[in-house]
Amino acid sequence: MIVTTKELFKAAYGKYALGAYNINNLEQAMGLFRGNLDSQAPFIIQISRGARKYTHKLMLEGLIRGADQVFPEAIFAVHLDHGDEETCYDCVESGFYSSVMIDASHEPYEENIAITKRVVDAAHAKGIVVEAELGQLGGVEEHVKVDEANAKLTDPKQARDFVERSGCDSLAVAIGTSHGAFKFSGSQSLHFDVLSDIQKELPGFPLVMHGSSSVPQEEVARINAAGGRLLGARGVDANQFRQAAKLGVTKVNIDTDGRLVWTRVHREYFLEHPENFDMRPPGKVFMAEYAKFIAAKNEKLGSKGELDAVRKILG
Ligand code: G3H
Ligand code: 13P
Ligand code: ZN
C-alpha cells in the first residue's frame, strides 16, 4: 500500500528512522519488498532522476505497482530523490508519487526558499508531501559535485526560518555525510551537536539524512578480491542511526550500499562461473542477498518490526 512519507514520519518520529532505498531495476524491487517484509518494516522507495531516465519513467512505476500487488502487506511511500523543479511537477502530476524532494540546496538561500515554496504549493494542492534540503553535502550527485572542503553544514537557526517560509514537510540536513562510496577523507564524524541544535529549533519536525551508506569494509574487500578496484571506500557507522533518530532523523537515504551488494554478487558469480552467460542465476542470488541486506539495515534503523504498528495507526 502506497502511503505518504508524512504518515510514516508521524509513526517514527523520535523512535526510529525509515530506510529510504534507491532502486533502478526489477531485481532491486523484488529484493527490497522481500527484505522489508522479512523484517516487517515500513519503508520508502526512492527514485532518482537518473533512475527515471535509465529506461523510461513509466517502467519503474510499473514495477512498483506490480510489487504492490505481489506483496499486498507492504506499506511504503514512493519518493522522488533529488528532484529539480520540473521533475517535481512531473511527479506531482503523475498521480503515482506520494512524496517529492526538491533539491535547490546549491542555489542561494532566498532562491532555495522561493523554489521550494513553489513546489510545496503545487504538491500540497494534490496531497503530496515535500522534502527540501538546506546546507550542502560533500560527494557526487548527478547534477552537482561538491568536495568535502566546500560542503556546508546546515545552520540550525536558518533551518527554522527556511521551514517556516518554504512550508516544506521535512528537511534534509547536512551534518557531515556525503554521497557515494568515498566518504570522510579524515576520521568519520557525524555532527550530532549540529543535529541536536536543529532539533531544538524545529522540535517534532522530521529531518532527513542523505549520504548514509555504511560502505561495509567486508563488502569492499570481497569486491576487490573478485577483480574490483574500490580503494579507500568508507561510509557512515550504522550504529549511529538510532542516536540520529532520537534527534529527529526519520528518513535515512541509502543507495551506495545496495550498489555494492549488486557489484559483489555479480563479480563473485561470474568469477566462479566463467562458463555462465545467463542473467537469471546471478539475478536470483542478488535478490536474496539484497533482501538480507535490507532486513539487516532495518534492524540498525530501528524500523524492523514496526509494520503492524504503522498499519494500526493508518487504520
Ligand atoms: O543522491 C544520489 C543517489 O544516490 C542517486 O544516485 O542519481 O546516480 O541515481 P543516481
Ligand atoms: P549514499 O550514497 O550514501 O547511499 O546516499 C544516498 C542518498 O543520499 C540518496 O539520496
Ligand atoms: Zn541524497
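Right above here is the structure, for reference.
Residues numbered from 1 in each chain as written. Chains lettered and ligands numbered in written order. Predicted model: local features only at pLDDT ≥ 70, side-chain atom pairs only at ≥ 80, totals over all residues. Heavy atoms only, no water.

## A few points about the coordination of the zinc ion (ligand 3)
Here is the rule: Metal coordination here is assigned from N, O and S atoms located within 2.8 Å of the ion, or within 3.2 Å for Na, K and Ca; omission of water means that sites may look incomplete. In this description a helix means any DSSP run of H or I spanning at least four residues, a strand means any run of E spanning at least two, and both kinds are numbered starting from the N terminus. Partly exposed describes any residue whose relative accessible area lies between the buried limit of under 20% and the exposed limit of over 50%, with all areas from a 1.4 Å probe on protein chains only and scaled to the type maximum.
In the first shell of the zinc ion (ligand 3), the protein supplies His-82 (NE2), His-179 (NE2) and His-210 (ND1), at 2.1 Å from the metal. For the zinc ion (ligand 3), all donor residues lie on one chain, and their spacing in sequence is H-x96-H-x30-H. Here His-82 is found in strand β3 (residues 76-83), whereas its partner His-179 is found in the loop between β8 (170-173) and α8 (192-201), with 97 residues between them in sequence. For the pair His-82 and His-179, a shared accessibility class is recorded, and that class is buried.

## Let's talk about the site of ligand 2
Our working rule: The cutoff for a nearby residue is simple: one of its non-hydrogen atoms must lie within 4 Å of the molecule or strand. What qualifies as a polar contact is a pair of N or O atoms within 3.5 Å, subject to a donor-acceptor requirement within protein and to the restriction that residues adjacent in sequence count only when both atoms come from side chains. Note on areas: Shrake-Rupley with a 1.4 Å probe; residue coverage comes only from the protein chains shown.
Around ligand 2 sit 15 residues, and of these Asp-81, Lys-183, Ser-213, Asp-255 and Thr-256 come closest. Within the side chain of Lys-183, an N or O atom sits 2.5 Å from an oxygen atom of ligand 2. Contact with the protein chains removes 96% of the 310 Å² of surface that ligand 2 exposes when unbound. If you list the elements that add at least two residues to the shell around ligand 2, you get β3 and β10 (249-254).

## With respect to unusual backbone geometry
Look at Gln-40: it is not a glycine, yet its phi comes out positive at around 50 degrees. Tracing the sequence through the fold places Gln-40 in the loop between α2 (26-38) and β2 (43-48). Given a relative accessible area of 33%, Gln-40 falls into the partly exposed group. Despite not being glycine, Val-215 shows a phi value in the positive range, around 45 degrees. Summarising the element assignment, Val-215 is placed in the loop between β9 (207-209) and α9 (217-225). A residue is classified by how much of its surface remains accessible, and Val-215, at 1% relative accessible area, is buried.

## Observations regarding the pattern of salt bridges
Short version of the rule: The working definition used for a salt bridge is a side-chain nitrogen of Lys or Arg within 4 Å of a carboxyl oxygen of Asp or Glu.
Taken as a whole, this structure holds 24 salt bridges when the rule is applied. For Glu-201, the salt bridge goes to Arg-160, with nearest N and O atoms at 3.4 Å. One end of the pair, Glu-201, is in helix α8; the other, Arg-160, is in helix α7 (residues 156-166), with 41 residues separating them in the sequence. As a salt-bridge pair, Glu-268 and Arg-222 come within 2.8 Å of each other at their nearest N and O atoms. In this pair, Glu-268 is assigned in helix α11 (residues 256-272) and Arg-222 in helix α9, connecting sequence segments 46 residues apart. Taking the relative accessible area as the measure of exposure, Arg-222 reaches 32% and is therefore partly exposed.

## Thoughts on helix α5 (residues 85-94)
We count it as follows: Starting at the helix axis, one direction is taken to each C-beta atom, and the arc is that of these directions. Two residues form a contact once any of their heavy atoms are found within 4.5 Å.
For α5, the set of buried residues is Thr-87, Cys-88, Cys-91 and Val-92. The arc that holds the buried residues of α5, viewed along the axis, is 140 degrees, so those residues lie on one side. When the buried face of α5 is taken as reference, the exposed residues oriented beyond 90 degrees from it are Glu-86 and Glu-93. Looking at the packing, one finds that the buried side of α5 touches α3 (49-54), β3, β4 (99-102) and α6 (109-124). The first or second residue beyond α5 is Gly-95, which carries a positive phi of 75 degrees.

## So, the side chain of Ser-99
Mapping Ser-99 onto the fold places it in strand β4. Polar contacts involving the side chain of Ser-99 include one to the side chain of Thr-5, which spans 3.2 Å.

## Comments concerning the site of ligand 1
Operational definition: Put simply, Ala, Val, Leu, Ile, Met, Phe, Trp, Tyr, Cys and Pro go in the nonpolar bin, Asp, Glu, Lys and Arg in the charged bin, and everything else, Gly too, in the polar bin.
The immediate surroundings of ligand 1 are formed by eight residues, with Ser-48, His-82, His-179, Asp-255 and Arg-259 found nearest. Between ligand 1 and His-82, the relevant distance is 3.2 Å, taken from an oxygen atom to a side-chain nitrogen or oxygen of the residue. Alone, ligand 1 offers 300 Å² of accessible surface; in the complex the protein occludes 80% of this. Here the residues of the shell around ligand 1 are counted per class, giving no nonpolar, four polar and four charged.

## Side note on the packing of aromatic side chains
Centre-to-centre distance and the angle between the planes together describe a pair of aromatic rings. In plain terms, the rule: Pairing of aromatic side chains here covers Phe, Tyr and the six-membered ring of Trp, requires ring centres within 6.5 Å, and sorts the geometry by plane angle: under 30 degrees stacked, over 60 edge-to-face, intermediate tilted.
Under the definition given, this model contains nine aromatic pairs. Their ring planes at 85 degrees and their centres at 5.7 Å tell us that Phe-96 and Tyr-97 sit as a pair that is edge-to-face. Here Phe-96 and Tyr-97 have matching classes, each one buried. Relative to Phe-293, the ring of Tyr-290 lies with its centre 5.5 Å away and its plane at 35 degrees, an arrangement referred to as tilted. Of the two residues, Tyr-290 and Phe-293 both sit in helix α12 (residues 280-301), three residues apart, roughly one turn of that helix. Assigned by exposure class, Tyr-290 and Phe-293 land together as buried.

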